[in-house]
Amino acid sequence: DDVVLTISSAGCNVLDYIIEGPGELVAVDFNQAQLAVLELKILCIKYLTYEQYWQIWSYSNFALFNEVWPKLRRHASKRCKEFWDDNGDLIRDNFMFAGTSGLMAKILSFPAGFIGLVDYMRQNTGKPYRQSFIFNLIVKFLSSSAWVPLG
């Protein structure tokens, strides 16, 4: 019976909260693009296979997005239709590098590659990471007062 109010962002937390089964969930965001991303994710979950969802959101499969968007569009809100009709290229250009967080990911990708973090993550995908030196170093850094969040 809980009512959850959350910031949408790209929708991952919203989807996680849905799994918990609140009585009602309200996602808000000043950035309408974030709400369009959340709605598209929900449409993909409802109307696509897991593999199609994974291809669009993990691999930025633009050809597949173009193939399934007409089907998803029939179920989308007016705002969602307008956003993705005009911005489908975000999928083509690798959605993970879109917007402010994407800019930060681009900026951090060079030092992450330089210190070997990218290779380390590729080699250890799917393995327990909590015992890793790199993981603990990142957690220690992020939990210290040595950084200031931007945005």
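One can find the structure itself at the top, above this paragraph.
Below you will find a few notes about this structure.

1. Focus: the overall build of the protein chain
1) Next: When you go through the protein chain residue by residue, the secondary structure sums to nine helices and two strands.
2) Next: Looking at the protein chain as a whole, 24% of its 151 residues are labelled buried.
3) Next: For the protein chain, the proportion of contacts with a sequence separation of at least 24, taken over those separated by at least 6, is 40%.
4) Next: When the accessible surface of the protein chain is split by element, carbon and sulfur atoms take 60% of a total near 10900 Å².

2. Observations regarding the packing of aromatic side chains
1) Next: By the definition in use, this model includes six aromatic pairs.
2) Next: Taking 6.1 Å as the distance between ring centres and 20 degrees as the angle between the ring planes, the aromatic pair formed by Tyr50 and Trp54 counts as stacked. Of the two residues, Tyr50 and Trp54 are both situated in helix H3 (residues 50-59); the distance of four residues between them amounts to about one turn of the helix.
3) Next: Arranged with centres 4.9 Å apart and planes meeting at 85 degrees, the rings of Phe83 and Trp84 form a pair that is edge-to-face.
4) Next: Given the relative accessible area of 16%, Phe83 is considered buried.
5) Next: Taken together, the aromatic side chains of Phe62, Phe65, Trp69, Phe83 and Trp84 make up a single cluster linked through ring pairs.
6) Next: One Lys or Arg, Lys41, reaches over the ring of Trp57 and ends 5.2 Å from the middle of that ring.
7) Next: Above the plane of the ring of Phe62 lies Arg92, whose end atom (NZ or CZ) is 5.7 Å from the centre.

3. Observations concerning the nonpolar core
1) Next: The biggest cluster of nonpolar side chains holds 23 residues, and the ones touching the most others in it are Leu40, Cys44, Ile56, Trp57, Trp69, Leu72 and Trp84.
2) Next: Those elements that place two or more of their residues in this core are helix H1 (12-20), helix H2 (32-47), H3, helix H4 (62-73) and helix H5 (78-87).
3) Next: Per-element tally for this core: the top contributor is H2, with six residues.
4) Next: Non-local contacts of Trp84, meaning those with residues more than four positions away in its chain, are made with Ala36, Val37, Leu40, Phe65, Trp69, Leu90, Ile91 and Phe95.

4. As for the pairing of strand S1 (residues 3-7)
1) Next: Note that S1 and strand S2 (residues 24-28) share five bridges and pair parallel. Across the sheet, Ile7 pairs through a bridge with Val28, a residue of S2.

5. Comments concerning H3
1) Next: Listing the buried residues of H3 in full gives Tyr53, Ile56 and Trp57. Down the axis of H3, the buried side of the element spans an arc of 80 degrees, and every buried residue falls inside it.
2) Next: The inward-facing, buried residues of H3 abut H1, H2, H4 and helix H6 (89-92).
3) Next: Just downstream of H3, Ser60 is the residue with a positive phi angle, here 50 degrees.

6. A closer look at the packing of H4 against H5
1) Next: Where H4 meets H5, the axes come as close as 11 Å, and the angle between the chain directions of the two elements is 165 degrees. In terms of their interaxial angle, H4 and H5 are classed as roughly antiparallel. Considering how the two elements wind past one another, H4 and H5 form a crossing that is left-handed. Contact residues: H4 offers Phe65, Trp69 and Arg73, while H5 offers Cys80, Lys81, Trp84 and Asp85.
2) Next: Split by residue class, the contact of H4 with H5 holds four nonpolar, no polar and three charged.

Thresholds applied
Residues numbered from 1 in each chain as written. Predicted model: local features only at pLDDT ≥ 70, side-chain atom pairs only at ≥ 80, totals over all residues. Heavy atoms only, no water. Helix = DSSP H or I, 4+ residues; strand = E, 2+ residues; numbered from the N terminus. Buried < 20%, exposed > 50% of the residue type's maximum accessible area, 1.4 Å probe, protein only. Contact = heavy atoms within 4.5 Å. Areas by Shrake-Rupley, 256 points an atom, 1.4 Å probe, with all protein chains shown as cover. Phe/Tyr/Trp six-rings, centres within 6.5 Å; stacked < 30°, edge-to-face > 60°. Lys NZ or Arg CZ within 6 Å of the ring centre and 35° of its normal. Core = buried A, V, L, I, M, F, W, Y, C linked by side-chain atoms within 4.5 Å. Pairing = 2+ DSSP bridges. Arc of directions from axis to C-beta. Axes fitted to C-alpha atoms, helices over the stretch in contact; angles between N-to-C directions. Parallel < 35°, antiparallel > 145°, perpendicular 65-115°, else oblique. Left-handed = near helix turned anticlockwise from the far one by under 90°. Nonpolar A, V, L, I, M, F, W, Y, C, P; charged D, E, K, R; others polar.

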